[in-house]
Amino acid sequence: MQTGSRTDGNLLDAIAGGDTAALRELYARHAPWLQLRLQRRCADRDAVDDALQDTFVAVWRKPARYDGTGEVAAWLWGIAIRRLIDVLRRRPRMLTLLEREEAEPSAEEQVLLGIEHGDLAGALNRLSPELRAVVQATVLDGLTTAEAAGLLGIPSGTVKTRMMRARAQLREEFA
Amino acid sequence: MSWHVDDALLERYAAGTLDDAWAFSLEAHLLACEECRARTVPRADLARVETVWADVQELVDAPRRTPVERALILLGVRDHMARLLAATPSLTPPWFAAVALCLAFAVVAAHGSDRGVAGFLAVAPLLPLAGVAAAYGPWLDPTYEIGLAAPMRTFSLLLLRSSAVLLTTTVLTGVAALALPNVDWRAAAWLTPALGLVLVSVALTTWISAEMAFGGVASCWIGGVIVAREAGDIYVAFDAPVQVAFATVAAVAAIVLTWRLHTFQTEREA
């Protein structure tokens, strides 16, 4: 599946040996999608850029933290989302959560979505944006309650109650 | 891989208009699919990606901070100052380890006999002196040549380093002194001699070479301690009159030093 001559794992080995060209290659491969994904979690571009920078500086300093199992991409995302949380903690919080255009899907789209995903997609999209943000942070990004609280700028207790509400609502949808 | 992200979906994802359920699937897929990751590249803000890379590169190329440097920055010292200080040979962990070992021996000896306390007192003032000497000259300092070319005036740098060394070594010695048996006035008796020896040496370097100045002053101290011991009571070398004398010498040396500053500066720069 790897396109270049070197796999991501090879690049990390080379980075451990002080090879900056390998870091450059890894950056070129992964920085673009990391930027897009971070941007979806945080509207502040400077914060996203800082998090991206911190991520690759961290990779350069401690490439051996990658334990050799699993996708390098997943490992990088784990670093990036935590760097973003650190960056947000350091700066006064402005408007960090992306203001999404909450376009109501048409009836047709609703049906199509239902076919594509079972009805999970519809059920997820029917959650309020606050609940969805919590589901995204904890389930998809694999963050702890405290980390999710840091990312979303809300108390840990609120993360827990929102997660409970989301779970209850989803359960009800499928009941 | 049975499924790949189509372009329209990627476009909406990048624009931030894709709904969350789709975005969740897409993100999960991207982690596992290099091909689709590659297709996100043209959709990212590549100008920003390049700007961030320039910053990463700058940080990666910069020499890494030593633990001493990081500690200094934590204490509020500015970056460039921290680097200059951390490069001082007598402000490095090996140096601190050597001083600690030296003090440990002296303290252990002091517990052995009453004369051991005298040994501690004889050695203690020499440690800051050695530290400042090491901070000073070309013999141990790998950044000596760089120091000469530093934008900071040579003497300011030396004074800064010497002060930092004096402070750290004195703190270490002070802590060790608390471990002496029957802590009394003698636990602090080395302090004034130490200050006197250092200031006199530094003042002397404005006339003679650093080797001569530090070597000479250290020899005088050792000689004085031996004479006092031969005379029957080594503590004579730490008596109140001697303390006053050292304090006076330190003050005079400080004044001479200030007066000699200009000469010193031009001689070092010549």
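Now for a description of the structure that goes with this document.

### A closer look at the overall build of chain B
Scanning chain B for helices and strands turns up 14 helices and 0 strands. For chain B, the N- to C-terminal ordering of α and β elements is α-α-α-α-α-α-α-α-α-α-α-α-α-α. The buried share of chain B, taken over its 270 residues, is 43%. Once local pairs closer than 6 in sequence are excluded, the contacts in chain B between residues at least 24 apart make up 69%. Carbon and sulfur atoms form 69% of the exposed surface of chain B, whose accessible area is close to 13,500 Å².

### A short note on the overall build of chain A
Looking only at helices and strands, chain A features 9 helices and 1 strand. Moving toward the C terminus, one meets the helices and strands of chain A in the order α-α-α-α-α-β-α-α-α-α. Relative to its 175 residues, chain A shows a buried fraction of 46%. Contacts in chain A between residues at least 24 apart in sequence constitute 64% of all its contacts with a sequence separation of at least 6. When the accessible surface of chain A is totalled, it reaches about 8,800 Å², and 53% of it is carbon and sulfur.

### A look at the side chain of D20(B)
Mapped onto the elements, D20(B) comes out in helix α2 (residues 20-32). By relative accessible area, D20(B) is classed as buried at 5%. Within the structure, D20(B) has its side chain in polar contact with the side chain of R132(A) (distance 2.4 Å).

### A closer look at the packing of helix α2 (residues 20-41) of chain A against α2(B)
α2(B) packs onto α2(A) with a crossing angle of 150 degrees between their chain directions and a minimal axis gap of 12 Å. Judged by the inter-axis angle, α2(A) sits roughly antiparallel to α2(B). The element α2(A) and its partner α2(B) pack so that their crossing is left-handed. Taking contact as the criterion, the partners of W33(A), R37(A), R40(A) and R41(A) in α2(A) are, on α2(B), D20(B), A23(B), E27(B), L30(B) and L31(B).

### Points about the interface of chain A and chain B
With 45 residues of chain A in contact, the opposing surface of chain B contributes 37 residues. For the interface between chain A and chain B, the tally reads 8 salt bridges. E27(B) serves as the salt-bridge partner of R41(A), at 2.6 Å between the closest nitrogen and oxygen. Linking chain A to chain B there are 13 residue pairs in polar contact (both at pLDDT 80 or more). At 16 residues, the largest contribution of residues to the side of chain A that touches chain B is made by α2(A). In terms of residue class, the side of chain A that touches chain B is made up of 21 nonpolar, 10 polar and 14 charged.

### Overview of the state of the cysteines
Considering all chains together, one arrives at 0 disulfides over all chains under this definition. In this structure C36(B) is a free cysteine whose sulfur lies 3.7 Å from that of C33(B), the closest cysteine sulfur available.

### Some details on helix α5 (residues 67-74) of chain B
Residues and elements named next belong to chain B. Along α5, the residues that are buried comprise V68, E69 and L72. The buried residues of α5 occupy an angular sector of 100 degrees when projected down its axis, which confines them to one face. Turned more than 90 degrees away from the buried face of α5 sit P67 and L74, all of them exposed. On its buried face, α5 sits against α6 (79-86) and α7 (93-112). Looking at the residues trailing α5, positive phi occurs at G76, about 100 degrees.

### Re the pattern of salt bridges
What the rule picks out here adds up to 22 salt bridges over all chains. The salt bridge partner of R39(B) is D7(B), with a shortest N-O separation of 2.8 Å. Remark: D7(B) occurs in helix α1 (residues 7-15) and R39(B) occurs in helix α3 (residues 34-40); sequence separation between them is 32 residues. When its relative accessible area of 24% is taken as the criterion, R39(B) is described as partly exposed. Using a relative accessible area of 42% as the deciding quantity, one classes D7(B) as partly exposed. Where salt bridges share partners, they join R6(A), D8(A), D19(A), E25(A), R29(A) and R37(B) into one cluster.

### Considerations on a nonpolar patch on the surface
A contiguous nonpolar patch, built from W207(B), I208(B), M212(B) and W259(B) and spanning about 510 Å² of accessible area, is present on the exposed surface. Relative to the helices and strands, I208(B) is located in the loop between α12 (191-204) and α13 (210-230).

### A short note on the nonpolar core
If you look at the biggest cluster of nonpolar residues, it comprises 74 residues, and the most contacted ones within it are L23(A), F56(A), V59(A) and L84(A). The biggest single contributor to this core is helix α4 (residues 72-90) of chain A, with 12 residues. L85(B), L129(B), A134(B) and A189(B) belong to the second-largest nonpolar core, a separate cluster that totals 49 residues.

Definitions and limits used
- Residues numbered from 1 in each chain as written.
- Chains lettered and ligands numbered in written order.
- Predicted model: local features only at pLDDT ≥ 70, side-chain atom pairs only at ≥ 80, totals over all residues.
- Heavy atoms only, no water.
- Helix = DSSP H or I, 4+ residues; strand = E, 2+ residues; numbered from the N terminus.
- Buried < 20%, exposed > 50% of the residue type's maximum accessible area, 1.4 Å probe, protein only.
- Contact = heavy atoms within 4.5 Å.
- Areas by Shrake-Rupley, 256 points an atom, 1.4 Å probe, with all protein chains shown as cover.
- Polar contact = N/O pair within 3.5 Å; in protein donor to acceptor, adjacent residues only side chain to side chain.
- Axes fitted to C-alpha atoms, helices over the stretch in contact; angles between N-to-C directions.
- Parallel < 35°, antiparallel > 145°, perpendicular 65-115°, else oblique.
- Left-handed = near helix turned anticlockwise from the far one by under 90°.
- Salt bridge = Lys/Arg side-chain N within 4 Å of Asp/Glu carboxyl O.
- Nonpolar A, V, L, I, M, F, W, Y, C, P; charged D, E, K, R; others polar.
- Disulfide = S-S within 2.5 Å.
- Arc of directions from axis to C-beta.
- Patch = residues over 30% accessible without salt bridge, like charges linked within 9 Å, V, L, I, M, F, W, Y side chains within 5 Å.
- Core = buried A, V, L, I, M, F, W, Y, C linked by side-chain atoms within 4.5 Å.

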